[in-house]
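Fold and contact review
These are the residues of each chain, in order.
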Amino acid sequence: MMNKRFYLSSTDKKIGGVCGGIAEYFDIDPLLVRIAFVVLFFGCGTGFWAYILLWLLAPKR
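In short, a report on the structure. For clarity, every value in this text was computed on a predicted model and none was experimentally measured.

What counts, and where the lines are drawn
- Residues numbered from 1 in each chain as written.
- Predicted model: local features only at pLDDT ≥ 70, side-chain atom pairs only at ≥ 80, totals over all residues.
- Heavy atoms only, no water.
- Salt bridge = Lys/Arg side-chain N within 4 Å of Asp/Glu carboxyl O.
- Helix = DSSP H or I, 4+ residues; strand = E, 2+ residues; numbered from the N terminus.
- Buried < 20%, exposed > 50% of the residue type's maximum accessible area, 1.4 Å probe, protein only.
- Polar contact = N/O pair within 3.5 Å; in protein donor to acceptor, adjacent residues only side chain to side chain.
- Contact = heavy atoms within 4.5 Å.

All told, the structure shown has 2 salt bridges when counted by the stated rule. Between Asp12 and Arg34 there is a salt bridge whose closest N-O contact spans 3.3 Å. Pair noted here: Asp12 is in the segment before helix H1 (18-26) and Arg34 is in helix H2 (residues 30-44), with a separation of 22 residues, a long-range link. Residue Asp12 is classed as partly exposed on the basis of its relative accessible area of 24%. Of the charged contacts in the structure, one is a salt bridge between Arg61 and Glu24, with a shortest N-O distance of 3.9 Å. Of this pair, Arg61 sits in the segment after helix H3 (46-57) while Glu24 is found in helix H1, placing the two residues 37 residues apart along the sequence. For Arg61, a relative accessible area of 65% corresponds to the exposed category.

See below:
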């Protein structure tokens, strides 16, 4: 069984690598993750705080 872990992306990052890391973990397009964070940011403001928390707490590869 494969032990899958979430890491900040070091290759696919625009700011901190959070969206790239989520996209690698779920094997989806990083653009979709970035769009989701933008929608959450402008929709209810949680996207910003979620991104900052993940950026600070997630391990680097």
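Another aspect to go through is the environment of Ile35. With respect to the secondary-structure elements, Ile35 resides in helix H2. In this structure the C-alpha to C-alpha distance between Ile35 and Cys19, which are 16 residues apart in sequence, comes to 9.5 Å.

A few words now on the side chain of Ser9. Along the chain, Ser9 turns up in the segment before H1. For Ser9, the side chain forms a polar contact with the main-chain nitrogen of Thr11, separated by 3.4 Å. Residue contacts for Ser9: discarding those within four places in its chain leaves Gly17, Gly20, Gly21 and Glu24.

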